[in-house]
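What the coordinates show
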Amino acid sequence: MKPMRQSGEQGFSLLETLVAMAMLSVSATAILSAAERHVGSVTEVSDRLTARWVAENRLVELAHGAQDRSELVRMGGQQWSVHADLGATADSDLTRAEISVARALDPTAPLAQLTAFLDLSDREVR
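Rules used throughout
Residues numbered from 1 in each chain as written. Predicted model: local features only at pLDDT ≥ 70, side-chain atom pairs only at ≥ 80, totals over all residues. Heavy atoms only, no water. Helix = DSSP H or I, 4+ residues; strand = E, 2+ residues; numbered from the N terminus. Contact = heavy atoms within 4.5 Å. Areas by Shrake-Rupley, 256 points an atom, 1.4 Å probe, with all protein chains shown as cover. Salt bridge = Lys/Arg side-chain N within 4 Å of Asp/Glu carboxyl O. Buried < 20%, exposed > 50% of the residue type's maximum accessible area, 1.4 Å probe, protein only. pLDDT = per-residue confidence, 0-100.

For the protein, the count of helices and strands is 1 helix and 4 strands. Counting helices and strands in the order they occur from the N terminus, the protein gives α-β-β-β-β. Summarising the internal contacts of the protein: among those between residues at least 6 apart in sequence, 44% fall at separations of at least 24. Surface summary for the protein: the accessible area is close to 9400 Å², and the carbon and sulfur share equals 59%.

This is the structure in structure tokens:
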């Protein structure tokens, strides 16, 4: 027959269990916080990349004769506010195009800005 254990040898005490659970919860909170920051930075990079694509698309449209005006564009499952300004340069054959793209919900905070020079000499610049 097995001898019975002493009462101090039967396992973890309540205090030891509470300390272990507290340490586990602190480390789980730190891991979740780090994961949240990582997801936020990935989302920010994705949004900036999509905004850059929207700006590049608008630049191509301008190069092919589209009028410069602000508009809303849908790309990547989001609405984007696109503002394009055309202006003259010292070279009469070149036109300066400045394009800014922001989320439609916050058009005052652009995520992408693009400046390019276009040869629109055969078209009238407004």
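What follows deals with the pattern of salt bridges. Evaluated as defined, the whole model comprises 6 salt bridges. Here Arg 103 ties to Glu 44 by a salt bridge, and the two come within 3.9 Å at their closest N and O atoms. Within this pair, whereas Arg 103 is found in strand S3 (residues 95–103), its partner Glu 44 is found in helix H1 (residues 14–63), the two being separated by 59 residues in sequence. A relative accessible area of 30% means that Glu 44 is categorised as partly exposed. Look at the salt bridges and you will find they share partners, linking Glu 44, Asp 47, Arg 48 and Arg 103 into a network.

So, on to the confidence of the model for the protein. Averaged over the protein, the pLDDT score is 86; the fraction of residues at 70 or greater is 86%. When pLDDT is averaged over each element of the protein, strand S4 (residues 110–118) comes out on top at 94 and strand S1 (residues 71–75) at the bottom at 91.

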